[in-house]
Amino acid sequence: MIRSYQGNREASHIGILMDTFVDIRIWGKDSYRALNESWALIENLSKKIDRFNPYSEISKINKNAGNYVEISYDIVDIIKKAKYFAQITNGYFDPTIAPLMRIWGFYDKNYRVPYKKEIEDKLQYVNYRKIHIKGNKVMIEKGMEIDLGGIAKGYLMDKIFEVLRKYSIDRAVLNFGGQVGVYGRTQKGTLWEVSIKHPRKDQGFIGKVCIKEGSVSTSGDYERFFIKDNERYCHIINPKNGYPSNSVISVSVISKSGTEADALSTAFFVLGKDAISLWKEKFSYLGLVIVFPNLNVWYSPNLEFKVESKK
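Let me begin by describing the structure that accompanies this report. Just so it is clear, the structure is predicted and the values come from calculations on it, not from any experiment.

A closer look at the overall build of the chain
A tally of regular secondary structure across the chain gives 8 helices and 17 strands. Relative to the globule expectation of 19 Å for 311 residues, the C-alpha radius of gyration of the chain, 19 Å, shows essentially globular dimensions. Summarising its shape, the C-alpha atoms of the chain cover approximately 60 × 50 × 35 Å along the three principal directions. Out of the 311 residues in the chain, the part that is buried amounts to 56%. Put simply, of all contacts in the chain between residues at least 6 apart along the chain, 60% involve residues at least 24 apart. With the model as given, the accessible surface of the chain reaches about 14800 Å², and the carbon-plus-sulfur share is 47%.

Set out below in structure tokens:
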């Protein structure tokens, strides 16, 4: 339900999109108009992106693997962006991860540890380079499936940012289930403080990042996981070896772009401690926070970060 508060020019909407909690709050002269346009836009896009919606454009591509499928401009755009981030992360982010997600049970929640041979068989179908794009047509090779879960929230967030720039908006806070976006100036004119969830405490925070504007995306092993023989297996799977990553427990990326923050938080989580080297090499303009299994926190020197708890 959309609510508008004329007294302080606040408009807000809380809902569920792609099985994700979405909370949008906008303040400003045109807050109500901006909110309505934003929600209609992302609601429409999420229906096209959602791989679990049998009528979505992504489902259409997956069902017709081996053939070109005509899709809308926005879906071509997000697939191109997914391929781009796969390329610049050397494939540690890969939108064709779906066959591996499926055999580990992260789609139907029938969790299991697959046999090594199963994983090896599915790895041949995980390769972003085999997504073929011709104009507004996309084809994946037989046996492959696309999953945009590692980039969709950030993409939708950027679409809202585009809408906000068209209107007279003072500020906005967007929460897309683990990814937060802030726009404009705070009421006091200070930096925004965005809390990062403690990966081992349901109600706790590991710290706060202070930013001017943009997005904070966190990937953690606490979001979707199962435990087998006292070992935790999370839903963030390494596209190189087919196994859930476990060398870190939380990674947050801070960027002006929600799409970039979303895709790179996944890639950096997979890379684990090696993410620091890649960050230094290619992404030192971004903010980065990594939480290790012993709850030690590393954060990039360009970031204003307030540690709240180490335990």
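A short note on the packing of aromatic side chains
A full pass over the atoms with the stated rule returns 14 aromatic pairs. Between the aromatic rings of Phe52 and Tyr107, the centroid separation amounts to 5.2 Å while the plane-to-plane angle is 80 degrees, which identifies the pairing as edge-to-face. Of this pair, Phe52 sits in the loop between helix 1 (31-49) and helix 2 (57-63) while Tyr107 is found in the loop between helix 4 (98-103) and helix 5 (116-123), placing the two residues 55 residues apart along the sequence. Ring centres of Phe226 and Tyr233 lie 5.2 Å apart, and the angle between their planes is 25 degrees; this geometry places the pair in the stacked category. No difference in accessibility class separates Phe226 from Tyr233, as the two residues are buried. An aromatic cluster of at least three residues, connected via ring pairs, comprises Trp104, Phe106, Tyr111, Phe226, Tyr233 and Tyr243. Positioned over the ring face of Phe225 is Arg232, at 4.1 Å from the centre of the ring. Here the basic side chain of Lys240 rests over the ring of Tyr92, its NZ or CZ set 4.9 Å away from the ring centre.

Observations concerning the sheet that holds strand 6 (residues 137-140)
Overall, antiparallel pairing links the 3 strands, which are arranged 4-6-5 in an open sheet. Only two strands of the sheet have a single partner each, and these edge strands are strand 4 (69-70) and strand 5 (131-134). Looking at chain direction, strand 4 and strand 6 are connected through 2 bridges and run antiparallel. Opposite Val69, over in strand 6, you have Val138 as the bridge partner.

Observations concerning the layout of surface pockets
Empty space within the second largest pocket amounts to approximately 320 Å³. Along its surface, the second largest pocket is lined by 18 residues, and Ile211, Glu213, Ile254, Ser255 and Lys256 are the ones closest to its centre. Listing elements by their share of the lining of the second largest pocket, those giving two or more residues are helix 6 (152-166), strand 8 (179-184), strand 10 (205-211) and strand 14 (250-255). Split into classes, the residues belonging to the lining of the second largest pocket amount to 9 nonpolar, 4 polar and 5 charged.

Some details on empty space enclosed by the protein
Take a probe with the size of a water molecule and roll it over the atoms, and the empty space left behind shows itself. Evaluation of the coordinates by the stated rule reveals 1 cavity of 30 Å³ or more. Roughly 30 Å³ of volume is contained in the largest cavity. Around the largest cavity, the lining residues are Leu17, Met18, Thr20, Val22, Lys153, Leu156 and Phe176. Listing elements by their share of the lining of the largest cavity, those giving two or more residues are strand 3 (20-27) and helix 6.

Some details on the pattern of salt bridges
Throughout the structure, instances matching the rule amount to 16 salt bridges. Across the pair Arg51 and Glu145 runs a salt bridge whose closest N-O atoms are separated by 2.8 Å. Of the two residues, Arg51 is situated in the loop between helix 1 and helix 2 and Glu145 in the loop between strand 6 and helix 6; the sequence distance between them amounts to 94 residues. No difference in accessibility class separates Arg51 from Glu145, as the two residues are buried. For Asp221, the salt bridge identified is with Arg232, shortest N-O distance 4.0 Å.

Some remarks on the sheet that holds strand 10
Strand order in the open sheet formed by 3 strands is 9-10-17, and the pairing between neighbours is antiparallel. The sheet is open, and its two borders are formed by strand 9 (192-197) and strand 17 (304-307), each paired with just one other strand. Shown here is a sheet whose adjacent strand axes are inclined to one another by a mean of 25 degrees, direction ignored. Bridge analysis of strand 9 against strand 10 gives 6 bridges, and the strand direction is antiparallel. By the bridge assignment for strand 10, Ser195 is matched with Lys208.

Digging into the side chain of Lys159
Take Lys159: it is sitting in helix 6. Overall, Lys159 belongs to the buried group, its relative accessible area being 11%. Within the structure, the side chain of Lys159 is placed 3.4 Å from the side chain of Asp74, a separation counted as a polar contact. Beyond its immediate stretch of four places on either side in the chain, Lys159 contacts Leu41, Leu45 and Asp74.

Observations regarding helix 6
Each turn of an α-helix holds 3.6 residues, which means side chains three or four residues apart point in the same direction. Across its 15 residues, helix 6 extends 22 Å between first and last C-alpha, which sits within 8% of the 21 Å expected from 1.5 Å per residue. Most of helix 6 sits inside the fold, with 12 of its 15 residues counted as buried. Where helix 6 is concerned, the buried positions are Ala152, Lys153, Gly154, Tyr155, Leu156, Met157, Asp158, Lys159, Ile160, Phe161, Val163 and Leu164.

Overview of the pairing of strand 5
Remark: a regular strand shows side chains that alternate across the two faces of the sheet. Across 4 bridges, the pairing between strand 5 and strand 6 is antiparallel. Each bridged residue has a counterpart across the sheet, and for Ile131 the counterpart in strand 6 is Ile140. Here strand 5 hands over to strand 6 after 2 residues, with Gly135 in that stretch at a positive phi of 60 degrees.

Thresholds applied
Residues numbered from 1 in each chain as written. Predicted model: local features only at pLDDT ≥ 70, side-chain atom pairs only at ≥ 80, totals over all residues. Heavy atoms only, no water. Helix = DSSP H or I, 4+ residues; strand = E, 2+ residues; numbered from the N terminus. Rg over C-alpha atoms; globule rule 2.2 N^0.38 Å. Buried < 20%, exposed > 50% of the residue type's maximum accessible area, 1.4 Å probe, protein only. Contact = heavy atoms within 4.5 Å. Areas by Shrake-Rupley, 256 points an atom, 1.4 Å probe, with all protein chains shown as cover. Phe/Tyr/Trp six-rings, centres within 6.5 Å; stacked < 30°, edge-to-face > 60°. Lys NZ or Arg CZ within 6 Å of the ring centre and 35° of its normal. Pairing = 2+ DSSP bridges. 1 Å grid on protein atoms, 1.4 Å probe; cavity = no way out; pocket = protein on both sides within 12 Å on 5 of 7 lines; lining within 4 Å. Points joined across faces, edges and corners; volume = space filled by probe spheres on them. Nonpolar A, V, L, I, M, F, W, Y, C, P; charged D, E, K, R; others polar. Salt bridge = Lys/Arg side-chain N within 4 Å of Asp/Glu carboxyl O. Axes fitted to C-alpha atoms, helices over the stretch in contact; angles between N-to-C directions. Polar contact = N/O pair within 3.5 Å; in protein donor to acceptor, adjacent residues only side chain to side chain. Expected span 1.5 Å × (residues − 1).

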